[in-house]
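# Breakdown of the fold
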Amino acid sequence: MLVNNKHYRAIWTEGSTVCMINQNLLPFQFEIFYSNSIEDTCIAIISMITRGAGSIGAAGAYGMLQAIYASDKRDLQSDLLKAKKMLDSTRPTAANLFYGTHRVYEACKISEDFAISEAHAVADECVEHAIKIGEYGNELIKDGFRIETHCNAGWLALVDYGSALSPIYKAFENGKNIFVYVDETRPRSQGSRLTAWELFQQGIPHAIIPDNAGAHYLSKNEIDIIIVGADRIAANGDTANKIGTLEKAIAAKFYNIPFYVAAPLSTFDTNIPSGSEIPIEERSGDEVNYVSGLAKNRQYIEVLISNPGSKALNPAFDVTPAELISGIITEKGIIKPTKESIEKIFDI
Ligand code: MRU
């Protein structure tokens, strides 16, 4: 996507350096974080300098690439196994991370060159799939539609284009008159900080809404469709996505509004029969109790917004049962969230 008229991906490589748009600084500052080692790439994933399922999948694959370059090649496979364990331990929920490291690890059993090309393929395919998701998802968006989205499943989260936002970009590009309701997405505010920034850059009409306002707009008949991304989809279609997604799906069902999940097949985990087995990341309560942003004097500050001394709980994801999902928009088309449709698309 374009930032100040220059095309960027959310993450890319320059030799053995992994370059990432520092998402923690957005929307106030646009800065690139340069990782020169697998250790720094792990830190970037943990601290969410790079984030979003597809982008951390690419970060995992590129971290493996850094491990190949750093290896003395006496026992490359065992160096890569260590690297894989290190990268896989950074964040537990998004399937794409493990997909990225696994692909490079397995490719290295064939040859080093193949492993290198696989690392790049993970990121490149993420972009190709995001474009396809945009094309299929665009079919669901009619002229005049008001769309709600949660968190950030845009180009920052998927290397380029996005999952939930890709259909929105396509619909806008096709001249459809659309409006996007952007859930703020507390506690890290990926909606108000990142999705709003992306849509603003592209000139797409939108408004940020408080997380607890979604049902209100649904009840007023002001939302035509909800499209969200996904971090892991189980074999039966149950979907883990950013905390708060489940509430949106329940409200959408009540008001009979279509609720779609957009995700590449690399987000599916067919080894997990249902969503109850998806590990949910618990993050620090400080993310709930403190917020950071620009003070009126334009100084970047962090402030406590809760009762001093109160503990906060911070589950980063929740699981939406398949029965609440109207369909899953993938790079191979829109499928029903059922075991049968998922098996069919994976040729299982
Ligand atoms: O914790 P994050 O920001 O890495 O969470 C991932 C997400 O952004 C969302 O859950 C998103 O909807 C799916 S990622 C394409």
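The sections below set out a description of the structure shown in this document. This structure is a prediction, so every number in the text was calculated from the model and none was measured. (Residues numbered from 1 in each chain as written. Predicted model: local features only at pLDDT ≥ 70, side-chain atom pairs only at ≥ 80, totals over all residues. Heavy atoms only, no water.)

### Thoughts on the packing of helix H1 (residues 38-46) against helix H3 (residues 76-88)
At a minimum axis distance of 9 Å, the contact between H1 and H3 shows a crossing angle of 20°. Relative to H3, the element H1 lies roughly parallel. As H1 packs across H3, the resulting crossing turns out to be right-handed. For the pair H1 and H3, the contacting residues are Ile38, Glu39, Thr41, Cys42 and Ile45 in the first and Ala83, Met86 and Leu87 in the second. Broken down by class, the residue content of the contact of H1 with H3 amounts to 6 nonpolar, 1 polar and 1 charged. (Axes fitted to C-alpha atoms, helices over the stretch in contact; angles between N-to-C directions. Helix = DSSP H or I, 4+ residues; strand = E, 2+ residues; numbered from the N terminus. Parallel < 35°, antiparallel > 145°, perpendicular 65-115°, else oblique. Left-handed = near helix turned anticlockwise from the far one by under 90°. Contact = heavy atoms within 4.5 Å. Nonpolar A, V, L, I, M, F, W, Y, C, P; charged D, E, K, R; others polar.)

### What about the site of the ligand?
Every one of the 18 residues lining the ligand counts as a neighbour, but Arg51, Arg91, Asp231, Asn241 and Lys242 are closest to it. In the environment of the ligand, an oxygen atom lies 2.6 Å from a nitrogen or oxygen atom belonging to the side chain of Asn241. Taking Lys242, its side chain carries an N or O atom lying 2.7 Å from an oxygen atom of the ligand. Protein contact buries 99% of the 400 Å² of open area that the ligand shows by itself. (Near = heavy atom within 4 Å. Polar contact = N/O pair within 3.5 Å; in protein donor to acceptor, adjacent residues only side chain to side chain. Areas by Shrake-Rupley, 256 points an atom, 1.4 Å probe, with all protein chains shown as cover.)

### So, the pairing of strand E4 (residues 17-21)
Across a regular strand the side chains alternate sides, sitting on one face of the sheet and then on the other. Most of E4 sits out of view: 5 of its 5 residues are buried. Of the two faces of E4, both are covered, the one formed by Thr17, Cys19 and Ile21 as well as the one formed by Val18 and Met20. Summarising the sheet, strand E3 (residues 11-14) and E4 pair through 4 bridges and their orientation is antiparallel. When the sheet's bridge partners are listed, Ile11 is paired in E4 with Met20. (Buried < 20%, exposed > 50% of the residue type's maximum accessible area, 1.4 Å probe, protein only. Pairing = 2+ DSSP bridges.)

### Thoughts on unusual backbone geometry
Between Leu26 and Pro27 the backbone carries a cis peptide bond, its omega angle lying at 5°. Tracing the backbone shows Pro27 in the loop between E4 and strand E5 (32-35). In the segment running from Arg186 into Pro187, the intervening peptide bond is cis, with an omega of 5°. Structurally, the position occupied by Pro187 is in the loop between strand E7 (179-183) and helix H7 (190-202). Here Asn4, not a glycine, exhibits a phi torsion of approximately 50°, which is positive.

### Describing the side chain of Ser266
In this structure, Ser266 sits in the loop between strand E12 (259-262) and strand E13 (268-269). A polar contact is formed between the side chain of Ser266 and the side chain of Asn96, at a distance of 3.2 Å. Leaving out residues up to four positions away in the same chain, Ser266 has contacts with Ala95, Asn96 and Tyr99.

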